[in-house]
Amino acid sequence: MSITVYSKPRCPQCDATYRKLNALGASYESIDVTQDAESLNLIKGLGYSQAPVVTVRSGYGAILESWGGFRPDRIQEVAALVAA
């Protein structure tokens with residue numbers, strides 16, 4: 001499983017998400033949607049209009065779950081799953 005954070009510059013909720021992931025020692029990929037139109041289209045296609053959007057993917061690349069905004073509860077759960 002892998003975690004991807006779709007974010008934008010100067011985004012307080014994005015920064016809080018990164019701080020929580022770092023505090024938990026979780027590995028993740030960060031994508032700036034202001035620089036990556038394909039990723040912006042992906043999160044819009046998932047129904048999100050604000051950053052951050054966090055996705056959790058299977059080893060095969062399928063999106064298992066996603067959420068928008070700073071969700072420390074979800075981050076904690078996913079970080080534990082990815083570490084296991």
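That block above? That's the structure.
Since the structure is predicted, the reported quantities are computational estimates derived from the model, not experimental observations. (Residues numbered from 1 in each chain as written. Predicted model: local features only at pLDDT ≥ 70, side-chain atom pairs only at ≥ 80, totals over all residues. Heavy atoms only, no water.)

Asks: Please provide a residue-by-residue account of the sheet that holds strand E1 (residues 2-7), values included.
Replies: What the four strands build is an open sheet, ordered E2-E1-E3-E4; its pairing is mixed. Of all the strands in the sheet, the pair left with one neighbour each is strand E2 (29-32) and strand E4 (63-68). Recorded for the sheet is a direction-independent mean angle of 20 degrees between the axes of neighbouring strands. Sheet analysis places E1 next to strand E3 (residues 53-57), joined by five bridges and oriented antiparallel. In the strand pairing of E3, Val-5 is matched with Val-54. Sitting on the sheet, helix H1 (residues 12-23) touches E1, E2 and E3, and the angle it makes with E1 is about 155 degrees. Packing against the sheet, helix H3 (residues 72-83) makes contact with E1, E3 and E4, and its axis sits at approximately 155 degrees to E4. (Pairing = 2+ DSSP bridges. Helix = DSSP H or I, 4+ residues; strand = E, 2+ residues; numbered from the N terminus. Axes fitted to C-alpha atoms, helices over the stretch in contact; angles between N-to-C directions. Contact = heavy atoms within 4.5 Å.)

Asks: Break down the pattern of salt bridges for me, citing the residues and quoting the values.
Replies: In this structure the tally under the stated criterion is two salt bridges. Here Arg-74 and Glu-65 are joined by a salt bridge, their closest N and O atoms 2.6 Å apart. For Asp-73, the salt bridge is made with Arg-71, and the minimal N-O distance between the two is 3.0 Å. Owing to a relative accessible area of 30%, Arg-71 belongs among the partly exposed residues under this scheme. (Salt bridge = Lys/Arg side-chain N within 4 Å of Asp/Glu carboxyl O. Buried < 20%, exposed > 50% of the residue type's maximum accessible area, 1.4 Å probe, protein only.)

Asks: Before we move on, can you summarise the pairing of E2 with the specific residues and values?
Replies: As defined by bridge partners, E1 adjoins E2 across four bridges and the pair is classed as parallel. Residue pairing for E2: Thr-4 is matched across the bridge by Glu-29. For the crossover that starts at E1, traverses H1 and ends in the parallel E2, the hand is right-handed. (Right-handed = clockwise from strand over helix to strand, strands pointing away.)

Asks: Tell me what's going on with unusual backbone geometry, and back it up with residues and numbers.
Replies: Generally, phi is negative for residues other than glycine and the peptide bonds are trans, each holding for most cases. In the segment running from Ala-51 into Pro-52, the intervening peptide bond is cis, with an omega of -5 degrees. Here Arg-10, not a glycine, exhibits a phi torsion of approximately 55 degrees, which is positive. Among the secondary structure elements, Arg-10 is positioned in the loop between E1 and H1. The exposure class of Arg-10 is exposed, given its relative accessible area of 79%.

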